[in-house]
Protein chains: 6
Amino acid sequence: MSFEKRPSGRAVDQLREIRITRQYTKHAEGSVLIECGDTKVICTASIEDKVPPFLKGKGQGWLTAEYGMLPRSTHTRMDREAARGKQTGRTQEIQRLIGRSLRAAFDLNAFGERTLHLDCDVIQADGGTRTASITGAMVAAHDAFAALAAQGAIGAIPLKHFVAAVSVGVYQGEPVLDLDYVEDSGCDTDMNVVMTDGGHFIEVQGTAEGEAFDRARMNRLLDLAELGIARLIKLQKAALGMAA
Amino acid sequence: MSFEKRPSGRAVDQLREIRITRQYTKHAEGSVLIECGDTKVICTASIEDKVPPFLKGKGQGWLTAEYGMLPRSTHTRMDREAARGKQTGRTQEIQRLIGRSLRAAFDLNAFGERTLHLDCDVIQADGGTRTASITGAMVAAHDAFAALAAQGAIGAIPLKHFVAAVSVGVYQGEPVLDLDYVEDSGCDTDMNVVMTDGGHFIEVQGTAEGEAFDRARMNRLLDLAELGIARLIKLQKAALGMAA
Amino acid sequence: MSFEKRPSGRAVDQLREIRITRQYTKHAEGSVLIECGDTKVICTASIEDKVPPFLKGKGQGWLTAEYGMLPRSTHTRMDREAARGKQTGRTQEIQRLIGRSLRAAFDLNAFGERTLHLDCDVIQADGGTRTASITGAMVAAHDAFAALAAQGAIGAIPLKHFVAAVSVGVYQGEPVLDLDYVEDSGCDTDMNVVMTDGGHFIEVQGTAEGEAFDRARMNRLLDLAELGIARLIKLQKAALGMAA
Amino acid sequence: MSFEKRPSGRAVDQLREIRITRQYTKHAEGSVLIECGDTKVICTASIEDKVPPFLKGKGQGWLTAEYGMLPRSTHTRMDREAARGKQTGRTQEIQRLIGRSLRAAFDLNAFGERTLHLDCDVIQADGGTRTASITGAMVAAHDAFAALAAQGAIGAIPLKHFVAAVSVGVYQGEPVLDLDYVEDSGCDTDMNVVMTDGGHFIEVQGTAEGEAFDRARMNRLLDLAELGIARLIKLQKAALGMAA
Amino acid sequence: MSFEKRPSGRAVDQLREIRITRQYTKHAEGSVLIECGDTKVICTASIEDKVPPFLKGKGQGWLTAEYGMLPRSTHTRMDREAARGKQTGRTQEIQRLIGRSLRAAFDLNAFGERTLHLDCDVIQADGGTRTASITGAMVAAHDAFAALAAQGAIGAIPLKHFVAAVSVGVYQGEPVLDLDYVEDSGCDTDMNVVMTDGGHFIEVQGTAEGEAFDRARMNRLLDLAELGIARLIKLQKAALGMAA
Amino acid sequence: MSFEKRPSGRAVDQLREIRITRQYTKHAEGSVLIECGDTKVICTASIEDKVPPFLKGKGQGWLTAEYGMLPRSTHTRMDREAARGKQTGRTQEIQRLIGRSLRAAFDLNAFGERTLHLDCDVIQADGGTRTASITGAMVAAHDAFAALAAQGAIGAIPLKHFVAAVSVGVYQGEPVLDLDYVEDSGCDTDMNVVMTDGGHFIEVQGTAEGEAFDRARMNRLLDLAELGIARLIKLQKAALGMAA
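Scoring rules and cut-offs
Residues numbered from 1 in each chain as written. Chains lettered and ligands numbered in written order. Predicted model: local features only at pLDDT ≥ 70, side-chain atom pairs only at ≥ 80, totals over all residues. Heavy atoms only, no water. Helix = DSSP H or I, 4+ residues; strand = E, 2+ residues; numbered from the N terminus. Rg over C-alpha atoms; globule rule 2.2 N^0.38 Å. Buried < 20%, exposed > 50% of the residue type's maximum accessible area, 1.4 Å probe, protein only. Areas by Shrake-Rupley, 256 points an atom, 1.4 Å probe, with all protein chains shown as cover. Lys, Arg positive; Asp, Glu negative; His and termini not counted. Charge placed at Lys NZ, Arg CZ, Asp CG, Glu CD. Salt bridge = Lys/Arg side-chain N within 4 Å of Asp/Glu carboxyl O. Pairing = 2+ DSSP bridges. Axes fitted to C-alpha atoms, helices over the stretch in contact; angles between N-to-C directions. Contact = heavy atoms within 4.5 Å. UniProt positions renumbered as here; feature names shortened; annotations may be inferred. Least-squares fit on C-alpha atoms with pLDDT ≥ 70 in both. Phe/Tyr/Trp six-rings, centres within 6.5 Å; stacked < 30°, edge-to-face > 60°. Lys NZ or Arg CZ within 6 Å of the ring centre and 35° of its normal. 1 Å grid on protein atoms, 1.4 Å probe; cavity = no way out; pocket = protein on both sides within 12 Å on 5 of 7 lines; lining within 4 Å. Points joined across faces, edges and corners; volume = space filled by probe spheres on them. Nonpolar A, V, L, I, M, F, W, Y, C, P; charged D, E, K, R; others polar.

Peer 1: Quick question: what am I supposed to make of the overall build of chain A here?
Peer 2: From N to C terminus, chain A includes five helices and nine strands. For chain A, the C-alpha radius of gyration of 18 Å lies close to 18 Å, the compact-globule estimate for 244 residues. Overall, the C-alpha framework of chain A stretches about 60 × 45 × 30 Å when taken along its three principal axes. Here chain A holds 244 residues, and 60% of them are scored as buried. Of the roughly 9000 Å² that chain A leaves accessible, carbon and sulfur atoms contribute 46%. Both charge centroids of chain A, one from 29 positive and one from 32 negative side chains, sit 4 Å from each other.

Peer 1: Sorry if this is basic, but what is going on with the pattern of salt bridges here?
Peer 2: Between side chains of opposite charge, pairing is possible as soon as their charged atoms come close. All told, the structure shown has 132 salt bridges over all chains when counted by the stated rule. We note a salt bridge from R100 of chain B to E203 of chain B, for which the minimum N-O separation is 2.5 Å. Linking R100 of chain B in helix α2 (residues 89–103) with E203 of chain B in strand β9 (residues 201–208), this pair joins segments that are 103 residues apart in sequence. Take R100 of chain B: its relative accessible area is 19%, and that puts it in the buried class. You can call E203 of chain B buried: its relative accessible area is 1%. A salt bridge links D119 of chain E to R77 of chain F; the nearest nitrogen and oxygen atoms lie 2.6 Å apart. Pair noted here: D119 of chain E is in strand β5 (residues 115–124) and R77 of chain F is in the loop between β4 (62–69) and α1 (81–84), and the two residues belong to different chains. Note on D119 of chain E: relative accessible area 0%, which makes it buried. Of the residues examined, R77 of chain F reaches a relative accessible area of 18% and is grouped as buried. Within this structure, R6, R10, R16, D126, D178, D180 and E183 of chain A form a network of salt bridges that share partners.

Peer 1: In this structure, what is going on with the sheet that holds strand β5 (residues 115–124) of chain A? I would like to understand it.
Peer 2: The strands that make up a sheet are held in pairs by hydrogen bonds between backbone atoms, and each pair lies either parallel or antiparallel. All names here are of chain A. Strand order across the open sheet formed by five strands is β1-β2-β3-β5-β4, with mixed pairing between neighbours. Pairing within the sheet leaves two strands with one partner each, and these edge strands are β1 (18–22) and β4 (62–69). Going from strand to strand, the sheet's axes swing by 15 degrees on average, the running direction of each strand aside. Sheet topology note: the β4/β5 ladder contains eight bridges and is parallel. When the sheet's bridge partners are listed, Y67 is paired in β5 with C120. Sheet strands touched by helix α2 (residues 89–103): β4 and β5. Its angle to β4, the strand with the most contacts, is close to 145 degrees.

Peer 1: Mind showing me how you'd approach the UniProt feature "domain: Exoribonuclease phosphorolytic" (unreviewed entry) in chain A here?
Peer 2: All names here are of chain A. The UniProt entry lists residues 14–144 and 161–225 under the feature "domain: Exoribonuclease phosphorolytic" (unreviewed entry), expressed in the numbering used here. From the first C-alpha to the last, residues 14–144 spans 30 Å; its make-up is 27% helix and 31% strand. Annotated as 25% helix and 45% strand, the span residues 161–225 places its first and last C-alpha atoms 17 Å apart.

Peer 1: Any chance you could explain the relation of the copies chain B and chain A here in plain terms?
Peer 2: Between the two copies of the chain lies a relationship made up of a rotation around an axis and a movement along it. Overlaying chain B with chain A gives an RMSD of 0.0 Å, the required rotation being 180 degrees about an axis along which the chain moves by 0.0 Å. The transformation relating the two chain copies, once decomposed into turn and shift, fits a two-fold axis.

Peer 1: What am I meant to see in the packing of aromatic side chains here?
Peer 2: Aromatic ring pairs are reported here in terms of the distance separating the ring centres and the angle at which the planes meet. Using the criterion set out here, one finds 25 aromatic pairs over all chains in the structure. Both rings, one in F106 of chain A and one in F145 of chain A, keep their centres 4.8 Å apart while their planes meet at 50 degrees; by these two values the pair is tilted. Residue F106 of chain A is located in the loop between α2 and β5, and its partner F145 of chain A is located in helix α3 (residues 129–150); the two are separated by 39 residues in the primary sequence. Across the pair, exposure class does not vary: F106 of chain A and F145 of chain A are buried alike. Joined through ring pairs, the aromatic side chains of F106, F111 and F145 of chain A make up one cluster. Here the basic side chain of K237 of chain B rests over the ring of F162 of chain B, its NZ or CZ set 5.2 Å away from the ring centre.

Peer 1: Looking at this structure, I do not really get the side chain of Q95 of chain C. What am I missing?
Peer 2: Residues and elements named next belong to chain C. Relative to the helices and strands, Q95 resides in helix α2 (residues 89–103). A residue is classified by how much of its surface remains accessible, and Q95, at 11% relative accessible area, is buried. In contact with Q95, not counting residues within four places along its chain, are A65, E66, Y67 and Q87.

Peer 1: Looking at this structure, I do not really get the layout of surface pockets. What am I missing?
Peer 2: There is about 1400 Å³ of room inside the second largest pocket. R90, R130, D184, D190 and E209 of chain B are the residues nearest the centre of the second largest pocket, which is lined by 36 residues in total. Secondary structure elements with two or more residues in the lining of the second largest pocket: α2, α3 (129–150), α4 (181–186), β8 (189–196) and β9 of chain B together with α2 of chain C. Residue composition of the lining of the second largest pocket, by class: eleven nonpolar, 13 polar and twelve charged.

The following block contains the structure:
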């Protein structure tokens, strides 16, 4: 199949419409609804005043993430993981990725023996749920640390970098930015990229689902990801009322 | 403690503000966000073209429900059931109640060998999540059957009755309708009632958490429940654009 | 179907023959075999000198219940829950009910940092196993606390009320007391009621399995339950050698 | 410690008092309460009209066993396996032993594509629960096959041999028959033996818990077992109303 | 820390010594011991004559992988996953990676309704177990398909490409090829790369464990990976007695 | 079938070729590959500086064993226990046997509050994996304790006896020593015997899989086992460089 245009009509380097709503639910220290087109994820950040046993007494904090999809967030209803009694490999892989990405964003030595729990729950899925989770969780975590700082529990938000994530892939032979579900299902190569506001990489996870890809293609995909992430970080900062 | 007024300032027989939003997410045949004050539950209804093994070949349909809470829907973050590897007894009790209540609303012999899955996921909790789930799931199920009828798969919506649910309880010695979290935590007696639009009972589940209660008190609680449910069913019908 | 008479020939307000055998097994602090007609449940009460973590150091006791059925206690052999690796929702619901009911009977602040474990194991089922469990567990718990008092570990049995439970339901259009399996399978409405010796309610759990029921019917069912529970509490006290 | 006499006062080659009660519960095709002194086990035999997948269509039957202990059948309450979510290694080892032993008693090719489920549930434990289970299950299985034959479903009871089991061990340096709990806890060597009415071995499982034992001791233990089992098989046959 | 030399004394672009032993165990259709320095993995390929349910009747094959580590393959003994009752997220992530990589190597439409199971079991770990697993599994899978072809069950080995994998990373500021455990523990960036013999990418998984990395560094790492994989594929082909 | 000769051509009292390779893997305190003909088991012994909770503070050590089979160690691939989420009853039975046997070999009071973990992992199975595990684990455990003694952590190896294990059975009516898979599958009686270098029994586990066996046969089997174990213990001591 040769490429004519994206199903959504977007330009190849165009993100979907992004909306970041803070204080989406009332109990969490940080609570964000992130919408990337039709993908909608609730990201909450909860602070707990203790660390896992392996860190006890080391004067250091911890940050961990969990991910879930509501059973009917997808086209066809999926089994509820709580009812099946275990999380799928895909779920575990995603929550490990979110955790690693956000641990790169904050200084774990600068918020005491506390745990920041990030919960990313997909209420509607249309592709890119793991990257939306990371981008949204960044804002939720920032809010939670701001709350902690406002209480005087820590001196400042222990920020190292902003991080955001986006998917890129090859759709009908053409590298495109921010795949939606239709593109994702039909794509040959799929890459999830996590970067900092300094333009450096935190994670690159590329998979050839159909054809193996060459170095030139990889470079083009990384260019698109760089572009998209720069825009996403602007949107995160704007949502937080910060100068870009 | 003697009763002065409800923490929310509501009258003893006053429901919280109820909002029912249909088509809340895009994939499910029926998708409702129900808000009862600060309690918010997404109720989706999904139709599957098969029945569980025990009903195969009997020409009859099935309706089943699952319930979950996002980990930070509550004041303090709860463990994620999918990560713990099992649903709590409370969760199972609630989803069994939702399933029984909705099976009373529809004629299982009138929609072929199909299963209607109801998923009730609490995104914010402030008391009364199980009753909100039932009230919202009624509307979602109605929408899903309407979609099935619109496709011509069934002749008509297999409706027996509308059902709705509400909690009543004794707060500071005073019977009140539709308890919020603050009232619920401090109440002596808590009763969940499910009724039809004909004013008949489907379920009554009353528990004395503090003082055992006498027959007169029970009668007063049932009066309040009857009142509240009549109002909720009006709201359900209005949301569906039906004459009350 | 219109009612002619109960399959067992009992009057509508007649309990099955009840037998309460104390010291049924030798190791437990309290051990009761309760027989309600052909329903037979072993109820043991075990005292452990510690409380669950959430109560540690609060100077308060705890009481918890577990319920099980032998695989062939029923008409058709059921899977063994230990072999399946989990308890069903029904089992969890029942053991939560037994626990709540018995926590209403005793003063948790009056027996130190101890846990009373109630185990209700059905060896033969013929309807009403959960209510028989509650009625039998009351006697077993009383015996266990008496043993503790006899050792001088506590000053007195921390009794608040006697509690007992019974089922009522509508069989062939007629409200009847204490349903056996045949009645239970064919009944429209089933209600389990737990009450104190003061005639107050601890739990009311009514379900319309067929037709929804109206207020008048509910009142009649509660009348029958009240009658039955008064008799059961007399039998409990007699078994314990107490004046009624 | 040198041996003076057994705690129970029994002779070294004396069994505890054995009682075998048939038709102990009413639903199972075979239901036996076996009491060996204070050890009490309910053994039920249930016939199911199908075989496990690996035997489907082979024209052969299957026999399988499960074993459990009520949580307070023992001195100290044990965790309920159904609540813990798995059976212990000990439980699995015992139920595998019971299954193998009883499969040796019956001809699996002579009762069609049926499964005989044996459930051995200990309601009171005082040592020797696994051997009591085998001895009791033999009678329950016999009754279940007799019922099947009475219905005309099979021509005859597919009996190969009677089997029974007993424990022997070295208590305070002295080989003794049929250990009770006190002897079992303090013994050096423990051996469970399963034999046929022809005096042949089905299983021998000996373990040196303290001192390793020599061949002479082993021979003495086997002599005692042989004696005990001959008596047990007489009791089984008597319970079934058969000539010894 | 500035880089002086690798702990092993290797050049920055030097692989560890690689040994590939075919027919390592006798039962499997393909069985390979791959040794990459001190990392040793047994890779077996087993052919089963059926496919998972989701592929039944589609005339297509399936290939799946599982991964495990012996508890004491590592410096400190790890819990046995079979005893803990579940595989860790890391294990699942790795076995998903192995499966995807090898599915890219073979044509799933060209070996009938069969499943190729790849089992990669680490008997000694010294870094790079997942990449060694992929490289070894390639040879084992090739052997298994060759056996199938030799039996005449398929016309030819359904090979699309050879695939091999290697890790690259930044050790003390210096990009290096094929990290051993000492380097891996101390490295800032870790990237696992899977490529074909055509020099195309199948998977790229890079993680900044310490400092985020820039594009230039990424390019250097990919250069090293390309180099290493070309050598590994030569070794695979040599082991199979094929011309490079 | 009457016996002509063993499939392997061995004499009835002849062991398979035994090879014991110490220091087979590099991380464990003791690591042994034991080969009994085509049966190959890696036995590692790991020392941990703590004991399980039930022994804390008693000044005593613990020794425990785990057993596993690689999925394709057998003729047909077995499910991976870690993926199924539980160990089979057979696995648990075997690891309990290994643990008991080795606890008889060492003085648990003479190595401080430490745990010796024995992991026996079968990489190729051809009958007799449990007995090979015990025989190999003896050597691995000895090495681990020697390492501990060499560090000065304990004064001497806390050896009580050498233990080794072998299977004996009746193949085509003939008692034979050390059954391989072909013999094991076709045998009537199978007995696993564990003995000390003093010629005493630790465990005897005999099962009649076909015909029940008489006392004479049992004696002949024990004679063979005694013979085989004496030889195995010589080989263990030789492997350790000790005088027999």
